[in-house]
Each structure stands twice: as C-alpha cells, then as structure tokens.
Amino acid sequence: MNKLYDKLLKAPWPYWAAAILLSLLNVFLLMVTGAPWRVTSGFLYWGMWVLEKFGYNDFSGSYFEIYGGFTGGETFLLNTVSILNLAVILGALLSVLISSEFKWRRIKNLKQVAFAIFGGLLMGYGASIAFGCNIGAFFSGIPSFSLHGWVFGVFMVLGGVIGSKILMRYMV
Amino acid sequence: MTSERIEALKKRRQEEMKAIKTTDQSPYGWILLILILGTVSALFINQSHYMWVFPLGILLGFTLERSRFCFTASIRNPLTIGTTKLLQAVILALMVSTVFFFILQVLTLDIGNFQISEVPGALRPIGWNTVIGGSLFGVGMVIAGGCASGTLVRVGEGFTLQIVVLTAFIAGALLAGVFHYSFWHDSFIEGREAVYLPNVIGFIPALLLQLTVLGLLYAGARKFANRKKT
C-alpha cells in the first residue's frame with residue numbers, strides 16, 4: 001500500500017501516462033465548458049484587469065471586444081480561463097508539496113532575467129495574435145481538426161529551432 | 001560539446017532536487033488539498049461550470065508537474081541533446097485527443113448540416129498572424145525556458161524566474177491583444193473562417209489522415225533518437 005502511494009504520488013509519472021491523462025482532461029473540459037483547454041486569454045484578461053486598475057479602459061478593437069465576451073458574472077480577474085490558470089499553478093504546487101520537492105528557487109543572474117523578459121514578451125505577443133499558445137492553438141487546435149493548429153505547430157517548431165540556436169549561442 | 005554541458009546542467013538540477021528532499025512537506029500538501037476542496041464546495045458549488053473547471057485545472061497542473069511533461073523541452077531536446085521521449089509523448093497525446101475530440105464532434109454535430117461555429121473545439125482561421133504568431137511563440141518559449149502551461153507549473157514549483165516570464169507574457173499579450181489587435185485583425189483575420197478538416201475531405205478521411213500523419217511523426221521521432229544514439 002505504501003509502495004503504491006509512493007509510486008503514484010512521489011515518483012515521476014511516465015510521459016505516456018501523462019499524455020493520456022492530459023488528453024482525457026482536455027476532452028472533459030471541452031464537454032463541461034464547451035471549449036477546450038486554453039491559457040493565453042486568461043493572461044490577457046489579467047493584464048486588462050491591471051490596465052483597468054490604472055484607469056485605462058478603452059478596449060475597442062481589442063481581442064476581448066471582438067472574440068471575448070463573458071457569460072454571467074465573469075470578470076477580468078475571475079473567468080473560466082483565469083480560474084483554470086490559477087488551478088494549474090495550485091495543482092503543480094500540490095504535486096511538489098506532496099512529494100516534498102517545494103523550494104523557492106532564486107534568480108541566479110541578470111542574464112536569466114533578460115532572457116525571461118524577452119522570451120515572455122515574444123510568447124505573449126505571438127500567442128495573442130495567433131489565437132493561442134502551445135495549449136489553445138496547438139494542443140487543443142490540432143485535435144479539433146482545425147488546420148490553424150497544424151500551421152501554428154509547424155511555425156512554433158521552426159521558432160523553437162531558432163530559439164534553440166540563440167540559446168546555445170548565448171546562454172549555455 | 002554544448003549538449004554535454006546541458007546534460008551536466010540537468011544532472012546538477014536533479015541533484016539539487018534530491019538534496020532538498022530532506023523535510024517532509026506532504027502535510028502542507030494535504031492541507032492545500034483540503035483548502036482546494038473547501039474552496040470548490042464553498043464558492044463554486046452553485047456555479048456548476050466553475051465547480052468542474054477548477055478541479056480539472058488542478059488535475060492538469062498536478063499531471064504536468066508529476067510527469068515533468070514539457071512542451072518546450074519536447075521541441076528543444078531533439079535539437080540540443082538528441083532525445084525525443086517527450087516529443088513522442090506530445091505526439092501520442094495529440095493522437096489520443098484526436099480520437100476523443102472526433103467522437104465528441106461526431107456525437108454533437110448534425111453531420112451534413114452544421115455551421116463551423118457549432119463544432120466543439122478550438123477552430124480558428126489561418127493567416128499571416130498564425131505564421132508570425134507561431135514563430136514568435138516558438139522562439140519565445142525556448143528562450144524563456146517554458147511555454148504557457150510550463151510557466152504556470154514552474155510558478156507553482158517555486159521558481160521566481162517564471163514569475164518574471166509570466167509578467168512579461170502578460171505584457172506581451174496586452175501589447176498585441178489590446179494595443180495592436182485592430183491591425184492584426186483588420187489585416188489578416190477579419191472575414192476568414194476556420195478550415196475544418198472534415199468539411200474539406202470528410203469525417204472518416206480526416207480522422208485517418210490526421211492519425212496517419214501523427215503516427216508517421218511519432219515513428220520519425222523514434223528513428224531520429226535511435227540514429228542519434230549510435
């Protein structure tokens with residue numbers, strides 16, 4: 001019993017098991033909410049919440065105005081995608097706590113910060129114009145049989161090749 | 001040369017992970033779990049929608065962390081250290097999801113008489129925005145050391161750096177999604193409809209084609225790793 005507990009909750013799960021689980025969870029999400037797993041629009045809405053707090057609220061022509069639209073009671077802070085994002089963070093925290101692997105990991109140097117900011121900006125910009133990130137456009141787009149998922153995937157891989165070159169040259 | 005250095009870095013990180021396993025943190029985990037269950041029942045029980053979304057998100061995060069599943073590494077590893085295990089897992093996940101999504105779509109739709117907007121899933125048009133956005137995203141995720149979901153997981157694991165990534169991600173999303181969006185929308189998106197594969201070649205052919213392509217990619221990834229080994 002203890003062995004099973006360790007195996008299930010403490011040892012890393014095999015990739016193939018995670019692959020099947022993630023697929024199942026995604027299809028459940030699609031059944032329950034009518035839309036599959038996505039991440040980026042939640043980040044965008046958090047950002048818009050901050051903008052609003054600073055008094056900016058001219059969102060005409062924004063992604064939100066054209067494609068967003070909340071159902072009853074949803075706000076920029078609390079909506080389906082935001083709750084999902086928050087839950088993913090908490091789920092990961094739960095996992096590291098149960099396996100006793102949690103630790104605050106400090107930033108080591110400024111170079112790391114520069115890469116983090118540059119990479120983050122590129123991801124945010126790219127995902128916002130392309131209807132999604134590695135989840136919304138790729139992981140949910142391809143199984144939806146929407147061709148944009150494949151196009152996004154191909155160019156994400158190409159971008160990844162360029163990124164790896166940059167990384168090998170300047171980082172390692 | 002560089003791949004050896006990456007391996008060394010990886011090893012060091014694994015040892016760091018081992019070294020901190022000294023104190024038992026699992027009680028905090030169980031407390032967190034009780035808090036989560038409490039939140040679900042207290043806040044969301046009447047909003048049936050959130051009641052499901054929240055636990056599904058928890059399970060997604062838990063699964064990603066426990067398995068060290070990483071979309072970025074799935075693309076980066078074949079190029080840098082020559083391993084394709086993660087890439088194969090991502091392709092496997094796409095195959096499994098393809099089958100599930102297919103079943104759900106066939107059960108939901110009135111075949112032969114439906115609108116694109118009625119198809120359950122993520123269906124979006126294709127344009128230069130997809131090409132440019134996908135490329136920028138690919139470069140960004142490798143440089144930042146984690147994709148959108150990976151960044152969330154790292155934040156949960158306690159990585160301070162990923163809080164910086166997340167903040168920059170939000171800033172980038174705002175720049176494009178609020179301030180530049182009319183440009184992208186007016187130039188490339190407006191008036192286009194998603195290309196839904198079953199509409200183009202039929203339902204069963206679409207399923208078979210997609211599974212075949214993914215299967216070939218899986219086999220290719222496996223071959224690539226074996227070639228690298230020898």
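Residues numbered from 1 in each chain as written. Chains lettered and ligands numbered in written order. Predicted model: local features only at pLDDT ≥ 70, side-chain atom pairs only at ≥ 80, totals over all residues. Heavy atoms only, no water.

1. Quick look at the overall build of chain A
Regarding its fold elements, chain A presents 8 helices and 0 strands. Helices and strands in chain A line up, N terminus first, as α-α-α-α-α-α-α-α. Projected onto the principal axes, the alpha-carbon positions of chain A cover approximately 55 × 45 × 35 Å. When each of the 172 residues of chain A is scored for burial, the buried share is 58%. A sequence separation of at least 24 residues applies to 53% of the contacts in chain A between residues at least 6 apart. Accessible area of chain A: about 7,500 Å², with a carbon and sulfur share of 69%. Looking at charge distribution, chain A has the averaged site of its 12 positive side-chain charges lying 20 Å from that of its 6 negative ones. (Helix = DSSP H or I, 4+ residues; strand = E, 2+ residues; numbered from the N terminus. Buried < 20%, exposed > 50% of the residue type's maximum accessible area, 1.4 Å probe, protein only. Contact = heavy atoms within 4.5 Å. Areas by Shrake-Rupley, 256 points an atom, 1.4 Å probe, with all protein chains shown as cover. Lys, Arg positive; Asp, Glu negative; His and termini not counted. Charge placed at Lys NZ, Arg CZ, Asp CG, Glu CD.)

2. Some details on the side chain of T130 of chain B
By secondary structure assignment, the location of T130 of chain B is in helix α6 (residues 128-144). In this view, T130 of chain B contacts A130, H148, V151 and F152 of chain A together with P125 of chain B; residues no more than four positions away in its chain are not counted.

3. Examining the nonpolar core
Nonpolar side chains in soluble globular proteins tend to end up buried together. Judged by nonpolar contacts, the single largest core of 79 residues is most densely connected at W37 and F43 of chain A together with F69 and F137 of chain B. Looking at this core, the element that brings in the most residues is helix α5 (residues 80-98) of chain A, giving 10 residues. Formed by 19 residues, the second largest nonpolar core is a distinct cluster that contains A173, L174, A176 and V178 of chain B. (Core = buried A, V, L, I, M, F, W, Y, C linked by side-chain atoms within 4.5 Å.)

4. Side note on the packing of α6 of chain B against helix α9 (residues 181-189) of chain B
Residue and element names in this part refer to chain B. Closest axis-to-axis distance for the α6/α9 pair is 8 Å, and the angle between their directions is 130°. Taken together, α6 and α9 sit at an angle that is classed as oblique. Residues W128, N129 and I132 of α6 lie in contact with α9, whose contacting residues are W184, F188 and I189. Tallied by class, residues from the contact of α6 with α9 come to 5 nonpolar, 1 polar and no charged. (Axes fitted to C-alpha atoms, helices over the stretch in contact; angles between N-to-C directions. Parallel < 35°, antiparallel > 145°, perpendicular 65-115°, else oblique. Nonpolar A, V, L, I, M, F, W, Y, C, P; charged D, E, K, R; others polar.)

5. Details of the confidence of the model for chain B
Close reading of the predicted structure is inappropriate where its pLDDT is low. Scored by pLDDT, chain B comes out at a mean of 91, with 93% of its residues at no less than 70. Model confidence for the complex is summarised by a pTM of 0.91, with the ipTM given as 0.95. (pLDDT = per-residue confidence, 0-100.)

6. Let's talk about the pattern of salt bridges
Inspection of every chain in the model, using the stated rule, returns 5 salt bridges over all chains. R66 of chain B serves as the salt-bridge partner of E65 of chain B, at 3.4 Å between the closest nitrogen and oxygen. This pair shows no difference in class: E65 of chain B is buried, exactly as R66 of chain B is. When the shortest N-O distance is used, the salt bridge between R68 of chain B and E65 of chain B registers 3.8 Å. Each of the salt bridges in this network shares a partner with another, and the network as a whole consists of E101 of chain A together with E65, R66 and R68 of chain B. (Salt bridge = Lys/Arg side-chain N within 4 Å of Asp/Glu carboxyl O.)

7. As for the packing of aromatic side chains
For the structure on display, the rule yields 31 aromatic pairs over all chains. Plain terms: the ring middles of F152 of chain A and F137 of chain B are 5.9 Å apart, the flat faces sit at 50° to each other, and that makes the pair tilted. Here F137 of chain B lies in helix α6 and F152 of chain A lies in helix α8 (residues 147-170), a pairing that spans two chains. Take F152 of chain A and F137 of chain B: they sit in the same class, and that class is buried. An aromatic cluster is built from Y45, Y56, F59, F64, F70 and F76 of chain A together with F179 of chain B, whose rings are joined through pairwise contacts. (Phe/Tyr/Trp six-rings, centres within 6.5 Å; stacked < 30°, edge-to-face > 60°.)

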